[in-house]
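Close look at the chain arrangement
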Number of protein chains: 2
Amino acid sequence: MNHTHVIIMAGGIGSRFWPMSTTKHPKQFIDILGVGRTLIQQTFDRFKQICPASQIYVVTHVDYRDLVLEQLPELSPNQVLCEPSRRNTAPCVAYAAYKVREIDPEATLVVAPADHLILNQPEFEHIIDIACKQAQRTHALMTLGIKPSRPDTGYGYIQFTDSNDSIDPLVKKVKTFTEKPDLEIAKQFLESGDFYWNSGIFVWTLQSIIAAYEKFMPDLAELFANGKAKYNTPDESAFINSVYQVCTNLSIDYGIMEKAKNVNVVLADFGWSDLGTWGSLYTHVDKDQEQNGVIGDNVMIYDCKNNVVNLPNDKLAVIQGLTDYIVVESDNTLLICKKSEEQRIKQFVNDIKHNKGENYL
Amino acid sequence: MNHTHVIIMAGGIGSRFWPMSTTKHPKQFIDILGVGRTLIQQTFDRFKQICPASQIYVVTHVDYRDLVLEQLPELSPNQVLCEPSRRNTAPCVAYAAYKVREIDPEATLVVAPADHLILNQPEFEHIIDIACKQAQRTHALMTLGIKPSRPDTGYGYIQFTDSNDSIDPLVKKVKTFTEKPDLEIAKQFLESGDFYWNSGIFVWTLQSIIAAYEKFMPDLAELFANGKAKYNTPDESAFINSVYQVCTNLSIDYGIMEKAKNVNVVLADFGWSDLGTWGSLYTHVDKDQEQNGVIGDNVMIYDCKNNVVNLPNDKLAVIQGLTDYIVVESDNTLLICKKSEEQRIKQFVNDIKHNKGENYL
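About the cut-offs
- Throughout, residues of each chain are indexed from 1 in the direction in which the sequence is written.
- Each chain is given a letter, starting from A, and each ligand a number, starting from 1, according to the order in which they appear as written.
- The model is predicted, so local features are restricted to residues of pLDDT at least 70 and side-chain atom pairs to those at 80 or more, both for listing and for counting; the totals for chains, interfaces and linings are taken over all residues.
- Excluding hydrogens and water, the side-chain values take into account all heavy atoms of the structure.
- Helix and strand labels come from DSSP, where a helix needs a run of H or I of at least four residues and a strand needs a run of E of at least two; each type is numbered from the N terminus.
- Atoms considered for the radius of gyration are the C-alpha atoms alone. The globule rule reads 2.2 Å times the number of residues to the power 0.38.
- Throughout, exposure labels follow a simple rule: accessible area from a 1.4 Å probe, protein chains only, divided by the maximum for the residue type, with under 20% read as buried, over 50% as exposed, and the rest as partly exposed.
- Two residues form a contact once any of their heavy atoms are found within 4.5 Å.
- We count a salt bridge whenever a side-chain nitrogen from Lys or Arg sits within 4 Å of a carboxyl oxygen from Asp or Glu.
- Note that Gly is not counted as nonpolar here; it falls among the polar residues with everything else outside the nonpolar set of Ala, Val, Leu, Ile, Met, Phe, Trp, Tyr, Cys and Pro and the charged set of Asp, Glu, Lys and Arg.
- Any two strands with at least two DSSP bridges between them are considered paired.
- Stacked, tilted and edge-to-face are the three classes applied to pairs of Phe, Tyr and Trp rings, where Trp contributes its six-membered ring and a pair requires centres within 6.5 Å; stacked means planes under 30 degrees apart, edge-to-face means over 60, and tilted covers the rest.
- Placement of a charge over a ring requires the Lys NZ or Arg CZ to be within 6 Å of the ring centre, with the centre-to-atom vector within 35 degrees of the ring normal.
- Crossovers are described as right-handed under a simple rule: with the strands pointing away from the observer, the path leading from the first strand over the helix to the second runs clockwise.
- As used throughout, the charge tally considers Lys and Arg to be positive and Asp and Glu to be negative, leaving His and the chain termini uncounted.
- Axis geometry follows a simple rule: fit a line to the C-alpha atoms, using only the stretch in contact for helices, then measure angles between N-to-C directions, giving values from 0 to 180 degrees.
- Fitting of the copies onto one another was done by least squares over C-alpha atoms, counting residues only where both copies have pLDDT of at least 70.
- The pLDDT score gives, residue by residue, the confidence of the prediction method on a 0 to 100 scale.
- To estimate how far a helix should reach, multiply one less than its number of residues by 1.5 Å.

**Observations concerning the overall build of chain A**
A count of helices and strands for chain A gives 11 helices and 17 strands. At 21 Å, chain A has a C-alpha radius of gyration in line with the 21 Å of a compact globule built from 361 residues. The 361 residues of chain A split such that 56% are buried. Contacts in chain A between residues at least 24 apart in sequence constitute 66% of all its contacts with a sequence separation of at least 6.

**Here's the deal with the interface of chain A and chain B**
The interface is formed by 35 residues belonging to chain A together with 35 residues belonging to chain B. Across the salt bridge formed by A:Asp303 and B:Arg344, the nearest N and O atoms sit 2.8 Å from each other. Counting residues per element, the ones that place at least two in the side of chain A that touches chain B are strand 13 (299-302), strand 15 (316-320), strand 16 (325-330), strand 17 (333-338) and helix 11 (345-356) of chain A. Among the residues making up the side of chain A that touches chain B, the classes are represented as 18 nonpolar, 7 polar and 10 charged. For strand 17 of chain A and strand 15 (residues 316-320) of chain B, the ladder comprises 4 bridges, and the chain directions are parallel. Bridge assignment links A:Leu334 to a residue of strand 15 of chain B, and that residue is B:Ala317.

**What to know about the packing of aromatic side chains**
What the rule picks out here adds up to 34 aromatic pairs over all chains. With centroids separated by 4.3 Å and ring planes inclined at 35°, the aromatic side chains of A:Tyr302 and B:Phe348 adopt a geometry described as tilted. Within this pair, whereas A:Tyr302 is found in strand 13, its partner B:Phe348 is found in helix 11 (residues 345-356), the two belonging to separate chains. These aromatic residues form a ring-pair network of at least three members: A:Tyr95, A:Tyr98, A:Phe224, A:Tyr231, A:Phe239 and A:Tyr244. The aromatic ring of B:Phe124 is capped on one face by B:Arg46, whose charged end is 6.0 Å from the ring centroid.

**Examining the pairing of strand 2 (residues 56-61) of chain B**
Residue and element names in this part refer to chain B. Judged by how many residues are buried, strand 2 sits mostly within the fold: 6 of 6 residues are covered. When strand 1 (residues 4-9) meets strand 2, the two strands line up parallel, connected through 4 bridges. Looking at the pairing, Met9 lines up with Val59 of strand 2. For the segment spanning strand 1, helix 1 (residues 39-47) and strand 2, crossover handedness is right-handed.

**Observations concerning the side chain of A:Glu342**
Residue and element names in this part refer to chain A. Structurally, the position occupied by Glu342 is in the loop between strand 17 and helix 11. Although Glu342 lies buried, it forms no salt bridge, and the closest oppositely charged side chain, Arg16, sits 7.5 Å away as judged by the N-O distance. Excluding its chain neighbours within four sequence positions, the residues that come into contact with Glu342 are Thr277, Trp278, Gly279, Ile326 and Cys337.

**Focus on the sheet that holds strand 13 of chain A**
With respect to topology, 6 strands assemble into an open sheet ordered 13(A)-15(A)-17(B)-16(B)-14(B)-12(B), the strand pairing being mixed. Among the strands making up the open sheet, the edge pair consists of strand 13 of chain A together with strand 12 (293-295) of chain B. Here the strands of the sheet are splayed against their neighbours by 5° on average, with no regard to which way each runs. Pairing of strand 12 of chain B with strand 14 (residues 308-310) of chain B, which is carried by 3 bridges, proceeds in the parallel orientation.

**Description of the sheet that holds strand 12 (residues 293-295) of chain A**
Whenever strands of a sheet pair, they do so through backbone hydrogen bonds, lying parallel or antiparallel. Here 6 strands make up an open sheet; going across it, the order is 12(A)-14(A)-16(A)-17(A)-15(B)-13(B) and the pairing mixed. Two strands lie at the open edges of the sheet, namely strand 12 of chain A together with strand 13 (299-302) of chain B, each paired on one side alone. Averaged over neighbouring strand pairs, the angle between their axes works out to 5° when direction is ignored. Packed onto the sheet, helix 11 of chain A meets strand 17 of chain A together with strand 13 and strand 15 of chain B and runs at close to 140° relative to strand 13 of chain B.

**Notes on the side chain of A:Thr43**
Relative to the elements of secondary structure, A:Thr43 occurs in helix 1 (residues 39-48). Ignoring anything within four residues of it in the chain, the contact list for A:Thr43 reads A:Ile8, A:Pro113, A:Ala114, A:Asp115 and A:His116.

**Examining the relation of the copies chain A and chain B**
In screw terms, the move from chain A to chain B is a rotation of 180° and a rise of 0.0 Å along the axis, fitting with an RMSD of 0.0 Å. The transformation relating the two chain copies, once decomposed into turn and shift, fits a two-fold axis. When the interface residues of chain A are mapped onto chain B, 100% of them again lie at the interface, so the same face is used by both copies.

**Remarks on the pattern of salt bridges**
Under the defined criterion, the tally for this structure stands at 26 salt bridges over all chains. Between A:Lys315 and A:Glu329 there is a salt bridge, with its nearest N and O atoms 3.1 Å apart. In this pair, A:Lys315 sits in the loop between strand 14 (308-310) and strand 15 while A:Glu329 sits in strand 16, placing the two residues 14 residues apart along the sequence. Using a relative accessible area of 0% as the deciding quantity, one classes A:Lys315 as buried. A salt bridge links B:Asp115 to B:Lys27; its shortest N-O distance comes to 3.1 Å. On the criterion of sequence distance, the pair formed by B:Asp115 in the loop between strand 4 (108-113) and strand 5 (117-118) and B:Lys27 in the loop between strand 1 and helix 1 is long-range, its members being 88 residues apart. Relative accessible area serves as the criterion here: at 5%, B:Lys27 is assigned to the buried category.

**Here we look at the pairing of strand 6 (residues 141-146) of chain B**
All names here are of chain B. Most of strand 6 sits inside the fold, with 6 of its 6 residues counted as buried. Neither face of strand 6 is exposed, since Leu141, Thr143 and Gly145 on one face and Met142, Leu144 and Ile146 on the opposite face are all buried. As paired elements, strand 6 and strand 9 (residues 195-205) share 4 bridges and run antiparallel to each other. Bridge pairing in strand 9 places Thr143 opposite Phe202.

**Some details on the environment of B:Leu335**
Along the chain, B:Leu335 falls in strand 17 (residues 333-338). Expressed as a C-alpha distance, the spacing of B:Leu335 and B:Asn310, which sit 25 residues apart in the sequence, is 9.9 Å. If we skip the residues at most four places from it in the chain, B:Leu335 touches A:Val318, B:Trp18, B:Pro19, B:Trp278, B:Ile326, B:Val327, B:Val328, B:Ile345 and B:Phe348.

**Let's talk about the confidence of the model for chain A**
Looking at chain A as a whole, the pLDDT averages 94, with 99% of positions reaching at least 70. Note on the complex model: pTM 0.76, ipTM 0.75.

**Some thoughts on helix 3 (residues 89-101) of chain B**
Residue and element names in this part refer to chain B. Under the 1.5 Å per step criterion, the end-to-end length of helix 3 is 18 Å for 13 residues, consistent within 8% with the ideal 18 Å. Most of helix 3 sits inside the fold, with 12 of its 13 residues counted as buried. Of all the residues in helix 3, the buried ones are Thr89, Ala90, Pro91, Cys92, Val93, Ala94, Tyr95, Ala96, Ala97, Tyr98, Lys99 and Val100.

**With respect to unusual backbone geometry**
The step from A:Trp18 to A:Pro19 runs through a cis peptide bond, and the omega angle for that step is 5°. Note on placement: A:Pro19 falls in the loop between strand 1 (4-9) and helix 1. Its identity is not glycine, yet A:His139 carries a phi of approximately 60°, on the positive side. Looking at the secondary structure, you find A:His139 in the loop between helix 4 (121-138) and strand 6 (141-146). In this structure, B:Asp324 takes a positive phi of about 65° despite not being glycine. On the accessibility criterion, B:Asp324 (34% relative accessible area) is partly exposed.

Below you can see the structure in the form of structure tokens.
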């Protein structure tokens, strides 16, 4: 029997991808690459190669429940875990772990965000396989590290060292997790060769992650353990709603990974991007000779270089004389912004909330 | 009795104002300045100060008949002269002149494009009054010259000299009409003080313009004279359709004004623009401290200078980091273009016709 169960985390709102990504329709539910499948659909497709669809769960905000079921019709409602409020990843993973324990106490869990891009599927499957085997063999908490291709200051880094009990040369012992570095530090990380990007993709046995919750977040462990009789029943939803009113708001990185001693990393290089910004999207779309990445069937460009353009297919557009810009329209909302200023998109969205109200977002 | 009759020419397609101006809905039918009245409505309002609404006629392509009647509900259908095809201004003015002759043979005609901007209404009325009186006194063909404010290479110029029989110091004798000059010549024109812009606004008595047609375009005169019994009857439309199949395609400037000897110009300075391009529009809209002219209720701009932005009121837009651009959307069509390249808009429209077909325009 395949004991691998996959938890797809799909509760984010992706405000840096505004205006395509909005609170009502966040990035993971959008075909942001223009390939015919939304990001969560691509993630689901990817994991169906790893375990049966019936062992894939999506944790999301209750507001997105219908979107998830619509985009992933193979899921039963019981596979969509609805959070009544956003409490970061520690409660999210705990909810999934305690629920899955009532289905398969021997489970190995793969936890992954819904909105990442992975280009090399066979290599991804190979890495997940290594991570599962290592987790099962040693009960280590596994995280996937991504080989850095540039001194990016937008990611956390994982410093690693050799491990005594690794089943594969790609498995290393985690020495430290580091915050997002400044550029100078990031360059040093890259040169040293001992630092990989923190992907936010985790693998662990149910047994070991529950032990970790009990050790490092005992209050949270107790809260979710109390639901034993309610998971996978009509009472689950009311139980979770009450738990989320009192549970802590913390990431699993802070709450567990940075504290646990038995943390390993698998060194991965499978064409990964978290698609966190328009700039990171730009590196993954097809580009013309002038390095414009254009999505949209009716966009005509003249004298343009290095732009990322994403317009609805039914929109006719003529764009002339832009270099290094983002031009995006979605839901009758237009953004024109220098690529170098894309970090300010969150600010723009806040300004809109402040000046125009939530209804405009 | 007021014998002044006004002919508003409204048959153009204004392709340089794409995408707001399209073949289906040209510039004159758009509130391009965002003031609450379309250009043809503003023109109509202007002339209602000069003669009764019942003496104002609009010549347009038959496709725009309903648009005219919708936007100018004071007009009766008989005041909307429909051309079955575009034949430039000589047939257009002849049609109106021969038709009005059957209504008021003593008429003085004021002929003006539908899509010009005039800021100083009292001065405009004063100039029209001078032109009418001079036309009635001397039977001169009157044209309005506009005091040039810059060495514009987009206009024709009128060179003038003193006149012996002028009723007002502002009335001069036309020496030559010149084509659009190059920049060096335009600068010399401006320095000399003897050249004004050719506005395309004319005043003449019915008697003198018909005499001019008979002298300089006798074939056209005969064609339209043949309709004497049909104007202002149910037979007018069929008659005009047959005339337009055979009549010449020529401007009244080439056909008559440049040949006639009795042409006078009134020197005018009433805040005029032909709104021929986005750049000329830019000079007439309200601008913010950074010289951005923005039309649209929900446009937020950051780090922008000297742009002209015209977006639908229901469209939310964030525009960051543009200087000297045109950003316009209309009917789900977007244009982003450097102001300095706006002469290429016609080319863009042709490219779209060629690549996408007429349906996209």
